[in-house]
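# Remarks on the overall topology
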Amino acid sequence: MNRVGVIGGGQLAWMMAEAARKLNLTLVVQTPNESDPAVSVAQETLFARVNDASATEVLSTHVDVITFENEFVDLDALAKIQNVTFRPSLSALRPLLDKYVQREFLKTYDLPTPDFWLLGERDVEFPVVLKTRRLGYDGQGTFIIRDAATWEATIEKLQNVPIVLEEFIPFDRELAVMAARSSAGEIAIYPIVETQQENQVCRRVIAPAEVSKDVQQEIHRIAQTVLEKLDVVGIYGFELFLTKDDRVLVNEIAPRTHNSGHYTIDACETSQFEQQLRAVSDLPLGSPALNCQGALMVNLLGFEQAESEYLEQRNAIAQLPNTFVHWYGKSESRPGRKLGHVTVLLDDVTDLRQQALEIASTIEEIWYRH
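This write-up is about the structure you can find in this document. Numbers given to residues run from 1 along each chain, matching the order in which its sequence is written. In view of the model being predicted, local features appear only for residues whose pLDDT reaches at least 70, and side-chain atom pairs are presented and counted only at 80 or more, with totals across whole chains, interfaces and linings using the full set of residues. Excluding hydrogens and water, the side-chain figures rest on all heavy atoms present in the structure.

What follows deals with the environment of threonine 195. Only DSSP runs of H or I with at least four residues qualify as helices, and only runs of E with at least two residues qualify as strands; both kinds are numbered from the N terminus onward. Here threonine 195 is to be found in strand β11 (residues 193–198). Taking the C-alpha atoms as reference points, threonine 195 and arginine 173, 22 residues apart in sequence, are found 7.7 Å from one another. Apart from the residues lying within four places of it in its own chain, the contact partners of threonine 195 are Glu174, Leu175, Ala176, Arg204, Val205 and Ser260. Polar contact is the term for a pair of N or O atoms within 3.5 Å; when the atoms are in protein, one must be able to donate a hydrogen and the other to accept it, and sequence-neighboring residues count only if both atoms are side-chain atoms. For threonine 195, the side chain forms a polar contact with the side chain of glutamine 197, separated by 2.7 Å. We call two residues in contact whenever any of their non-hydrogen atoms come within 4.5 Å of each other.

Now for the nonpolar core. Counting residues in each nonpolar core, the largest one holds 42 residues, and the members touching the most others are Val226, Tyr236, Phe238 and Leu240. Tallying contributions element by element places helix α7 (residues 213–229) first for this core, with six residues. Setting aside residues no more than four positions away along its own chain, phenylalanine 238 makes contact with Leu175, Ala176, Val177, Ala179, Ile222, Ala223, Val226, Glu252 and Ile253. Only buried residues count toward a nonpolar core, which is a set of Ala, Val, Leu, Ile, Met, Phe, Trp, Tyr and Cys residues joined through side-chain atoms within 4.5 Å. Each residue is assigned to one of three classes by its accessible area relative to the maximum for its type, calculated with a 1.4 Å probe on protein chains only: buried under 20%, partly exposed between the two thresholds, exposed over 50%.

To continue, consider the state of the cysteines. Criterion for a disulfide: a pair of cysteine sulfur atoms within 2.5 Å. A full pass over the atoms with the stated rule returns zero disulfides. No disulfide involves cysteine 268; its sulfur sits 7.3 Å from that of cysteine 292, the nearest cysteine.

Before going further, it helps to spend a moment on the side chain of threonine 142. When you line up the elements, threonine 142 lands in strand β7 (residues 142–145). Given the relative accessible area of 16%, threonine 142 is considered buried.

Here we come to unusual backbone geometry. Going from phenylalanine 126 to proline 127, the amide bond is cis rather than trans, its omega being 0°. Position of proline 127 relative to the elements: it lies in the loop between β5 (116–117) and β6 (128–132). In this structure, aspartate 110 takes a positive phi of about 55° despite not being glycine. You can see aspartate 110 is positioned in the loop between α5 (99–108) and β5. Even without being glycine, aspartate 231 reaches a positive phi, approximately 55°. Among the secondary structure elements, aspartate 231 is positioned in the loop between α7 and β13 (234–242). On the basis of relative accessibility, which here comes to 49%, the residue aspartate 231 falls in the partly exposed class.

A few words now on the sheet that holds strand β3 (residues 44–47). Pairing between strands is defined by DSSP: at least two bridges between the two strands are required. One open sheet holds the four strands; their spatial order is β3-β2-β1-β4, and the pairing between them is parallel. Edge positions in the sheet fall to β3 and β4 (65–68), since each of these pairs with one other strand and no more. Direction aside, the axes of adjacent strands within the sheet are offset by 25° on average. The pairing of strand β1 (residues 3–7) with strand β2 (residues 26–31) spans five bridges and is parallel. Counted as the bridge partner of arginine 3 is threonine 26 from β2. Packing against the sheet, helix α1 (residues 11–22) makes contact with β1, β2 and β4, and its axis sits at approximately 170° to β2. A fitted line through C-alpha atoms represents every axis, and for helices the fit uses only the stretch in contact; the resulting angles, taken between N-to-C directions, go from 0 to 180 degrees. Contacts from helix α9 (residues 272–280) reach β1, β2 and β4, with the element oriented near 145° to β4.

Okay, here's the thing in structure tokens:
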């Protein structure tokens, strides 16, 4: 399978390009805009909305397999396309795209998750987490509500958008892990990482996370169960809560490469993007092991409405030791938009987490000076 179609042309597809060249694969991307990051690196582009199934049918005639950069697709429409291989399969995506259905799936297999319910099923007590059931990402569609006034305003704002309510978890830390599975059933699980969010948007990732062996085993069990029960061919990202008493709860599952795995480009023997392409192309999975003692990833987020390449800040960050700056080539900056990321390789194992936090602060001081 040498020609891979990708639904979506954002930075995740953009980061697949280098891996595709390494593996001698051809990327054909379906994306709506000429300015989308992957357009500049894909061998071919089909300009269409990612949920345009008729365009995906055309895409299917030009490739051997189709994979996904995002989950904003119409599964029912895609299911009508004949003679096409989707990886992950549509059946492996279906339980995950709706957050309520995803929670029900986890519950079916006794995988730990916050308590959840639909509006009207019980009285609301604060704090509570409200999520839109579809199409949320980077914190969009997730609301932590602490009082009745905010509740009323949020319900009014969302109007008739389907929602799910979840128990608020006073977690100690947030964790994540990437896990891949091949068509032969081979599974590769990456190091567990600590993620740090602000306003439900990932700011930093520290690899590996400092967790007990029991926590590591539980996270591996969760990832392996999901991949096997859904017969996944591809890579999935798992976002998790860790409580003070070392309980692990699944926050969300992304059926694709994920922001928490960007560090793998520079810090692992096989990047998450190469691993996705290996899985969907029937190549053996690569090693997910770190090639260094640890790593830090910092997202470069927009902080203003502007047209800027931010060359001064990027060049200053690039001067830091063992640092790699990845710039997505987006022409427009706006608050909270992911414009790029920085990975720093860490070789001193002494208090690796504290070292990572100090370097992250330095990077953010450079980035946000304006």
